[in-house]
Amino acid sequence: MNTDDPTRSFTYAALPARILFGAGRVADLPAESTRLGLQRLLVLATPGQRPLAEMAAALLGRQAAGMFAAARMHVPIATADQARAEARRVGADGCVAIGGGSAIGLGKAIALDMGLPIIAIPTTYAGSEMTPVWGITYRDGKHTGRADAVLPRSVIYDPDLTRDLPATLSGLSGVNAIAHAVEALYAPDTSPVICLYAGQAIRDLTAALPTIAASPHDAAARASALRGAWLCGSCLGATTMSLHHKLCHVLGGTFDLPHAQTHAVLLPYVAAFNLPYSAHAAAVLSDAMDTADPPAALYELARNVGAPQSLRELGLTEADLPTVVADVLSRPYSNPRAVTAESLTLLLTEALEGRVIAPGGAFPTASPRSARGRPGRTGQGC
Ligand code: NAD
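Residues numbered from 1 in each chain as written. Predicted model: local features only at pLDDT ≥ 70, side-chain atom pairs only at ≥ 80, totals over all residues. Heavy atoms only, no water.

(A) Layout of the overall build of the chain. Along the backbone of the chain there are 13 helices and eight strands. Reported as C-alpha extents along the three principal axes, the dimensions of the chain are approximately 65 × 40 × 40 Å. Classification of the 382 residues of the chain by burial places 57% in the buried group. By sequence separation, contacts in the chain at least 24 residues apart represent 77% of the contacts at least 6 residues apart. As displayed, the chain has an accessible area near 15,200 Å², and 54% of this comes from carbon and sulfur atoms. (Helix = DSSP H or I, 4+ residues; strand = E, 2+ residues; numbered from the N terminus. Buried < 20%, exposed > 50% of the residue type's maximum accessible area, 1.4 Å probe, protein only. Contact = heavy atoms within 4.5 Å. Areas by Shrake-Rupley, 256 points an atom, 1.4 Å probe, with all protein chains shown as cover.)

(B) Region of the structure containing the nonpolar core. Leu-42, Tyr-125, Ile-178, Ile-202, Leu-243, Leu-247 and Leu-311 are the most contacted members of the largest nonpolar core, which has 104 residues in total. The dominant element in this core, judged by the number of residues it contributes, is helix H9 (residues 259-274), at ten residues. Setting aside chain neighbours within four positions, we find Leu-243 in contact with Glu-183, Val-270, Phe-273, Asn-274, Val-328, Tyr-333, Ser-334, Asn-335, Val-339, Leu-344 and Leu-347. With 20 residues, the next largest nonpolar core counts Leu-38, Ala-45, Ala-57 and Leu-60 among its residues. (Core = buried A, V, L, I, M, F, W, Y, C linked by side-chain atoms within 4.5 Å.)

(C) Local environment of the sheet that holds strand S5 (residues 118-122). Spatially, S1-S8-S5-S4-S2-S3 is the arrangement adopted by the six strands of the open sheet, whose pairing is parallel. For this open sheet the edge positions go to strand S1 (18-21) and strand S3 (64-68), each flanked by a neighbour on one side alone. Each strand axis lies, on average, 15 degrees off the axis of its neighbour in the sheet, ignoring direction. Relative to S3, strand S2 (residues 41-44) runs parallel, the two sharing four bridges. (Pairing = 2+ DSSP bridges. Axes fitted to C-alpha atoms, helices over the stretch in contact; angles between N-to-C directions.)

(D) Representation of the side chain of Thr-239. With respect to the helices and strands, Thr-239 occurs in the loop between helix H7 (219-238) and helix H8 (243-255). By relative accessible area, Thr-239 is classed as buried at 4%.

(E) Summary view of the site of the ligand. With respect to spatial proximity, 22 residues lie near the ligand, and among them Gly-101, Ser-102, Thr-123, Thr-124 and Thr-131 are the closest. A distance of 2.5 Å is found between an oxygen atom of the ligand and a side-chain nitrogen or oxygen belonging to Thr-131. A distance of 3.0 Å separates a nitrogen atom of the ligand from a polar backbone atom of Leu-161. Taken by itself the ligand offers 850 Å² of open surface, and the protein chains cover 83% of this. Element by element, the count of residues in the shell around the ligand is highest for helix H4 (residues 101-114), at three residues. Of the residues belonging to the shell around the ligand, the class tally is eight nonpolar, eleven polar and three charged. (Near = heavy atom within 4 Å. Polar contact = N/O pair within 3.5 Å; in protein donor to acceptor, adjacent residues only side chain to side chain. Nonpolar A, V, L, I, M, F, W, Y, C, P; charged D, E, K, R; others polar.)

(F) Spatial organisation of H4. In this model H4 runs 20 Å from its N-terminal to its C-terminal C-alpha over 14 residues, within 8% of the 20 Å that 1.5 Å per residue would give. Within H4, ten of the 14 residues are buried, leaving the element largely enclosed by the surrounding structure. Of all the positions in H4, only Ser-102, Ala-103, Ile-104, Gly-105, Leu-106, Gly-107, Lys-108, Ala-109, Ile-110 and Ala-111 are classed as buried. Against S2, S3, helix H3 (77-89), strand S4 (94-99), S5 and strand S6 (133-138) lie the buried residues of H4. Gly-115, located one to two residues past H4, shows a positive phi value of around 70 degrees. (Expected span 1.5 Å × (residues − 1).)

(G) Spatial organisation of the packing of aromatic side chains. Enumeration over the complete set of coordinates arrives at two aromatic pairs. Look at Phe-21 and Tyr-157: their rings are 6.0 Å apart centre to centre, the planes differ by 40 degrees, and that puts the pair in the tilted class. Note that Phe-21 is positioned in strand S1 and Tyr-157 in strand S8 (residues 154-157), a separation of 136 residues in sequence. According to the relative accessible area criterion, Tyr-157 is buried, its value standing at 0%. On the numbers, 6.4 Å between centres and 90 degrees between planes, the contact of Tyr-269 with Tyr-299 is edge-to-face. Here the residue Tyr-269 occupies a position in helix H9, and Tyr-299 occupies one in helix H11 (residues 294-304), the gap between them amounting to 30 residues. Sitting over the face of the ring of Tyr-299, Arg-303 holds its NZ or CZ atom 3.8 Å from the ring centroid. Across the ring face of Phe-273, the terminal group of Arg-337 is positioned such that the distance to the ring centre comes to 3.9 Å. (Phe/Tyr/Trp six-rings, centres within 6.5 Å; stacked < 30°, edge-to-face > 60°. Lys NZ or Arg CZ within 6 Å of the ring centre and 35° of its normal.)

(H) Molecular detail of the packing of helix H5 (residues 167-185) against H9. Axis separation between H5 and H9 bottoms out at 8 Å; the angle between their running directions is 40 degrees. Remark: the crossing between H5 and H9 carries left-handed chirality. Between H5, through Leu-172, Ser-173, Val-175, Asn-176, Ile-178, Ala-179, Val-182 and Glu-183, and H9, the contact on the second element is made entirely by His-259, Ala-260, Gln-261, His-263, Ala-264, Leu-267, Val-270 and Asn-274. Class assignment for the residues of the contact of H5 with H9 results in nine nonpolar, six polar and one charged. (Left-handed = near helix turned anticlockwise from the far one by under 90°.)

Here it is as structure tokens:
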């Protein structure tokens, strides 16, 4: 195996999902439902994707028990309760979640409560379909957890369904997906299998996203991006995410910054911060992106696909930074580089202003020796 440290021990648990991939594969939905023994499926979608939900229900015919096209970002508990009530009312024995992470997240909220199996048909690159992670937003914020019951039983990846995903949304969603793969490379529970997934995923998405930005209906680029998204989702489901996801969670949860945009703005800065402390992750990224300077390449990629320029553009201000820093530091999480209030403030200030990460440009680095907390380990990775 191509690992930088073959003596490093690891645990790898393959998650049980069945993947159907290919243009036109949504037509396999009825057969897949039958294979799972499901007779009364509730079809879930966001309001904007109602036509997709209607198409899925039409394909299912008598196997469709109803439709709930009111999924919302971050699964508000009121929406989850309405959808659960609808599932009970129609006597559903399973759910089809068609659309992005919002529809799939709603399916997970139903599965968590009622144990109904999910068939996921993702049409963005967010990756939720490959994880046993659920999230529900209550009055006091978003609660998340892991439960085997919420992992979709089957996932149908049909690139044709992504062709109308708007170019900028595609780019943002794709960079969001890349963030899963990047953080999987230096995750404490990474493994050689996941590093292979991550490298291929980053290669697929890096190649496909600029093409999609220029030509959103390019079938080969859509297939490549969706394949990358599948692998990125697998990375997310198999490992523990680090600083980047922690920051996005706080910025989304406390400051209501938009999900994919926040990922796209932050990723190059977090990569610049962490990669000097994870030689293997840097090497995999360099190879996959065909660059000597992954942070600069990620910065370029984000801008090429139309990501916002800065966290300020998303609504954050200097006055918010101390709260973000305190929140991020308040709960321990793994990261290859020790994170201090000083270094995190520097990172966030760069991202707040959207400062250029130029090729070869050094990110302001606090000396590792001055860092409090757990020191980073150069070379951490699989
Ligand atoms: P989303 O599902 O809200 O989709 C974003 C927008 O794209 C929506 O307006 C949707 O209607 C539209 N859209 C979706 N597919 C389309 C298509 N084919 N054509 C045109 N428009 C389309 O958001 P998302 O970015 O996919 O997912 C983000 C959510 O998923 C967040 O709540 C995030 O926390 C969650 N998430 C969870 C996990 C997990 O493992 N639990 C992983 C990733 C993301």
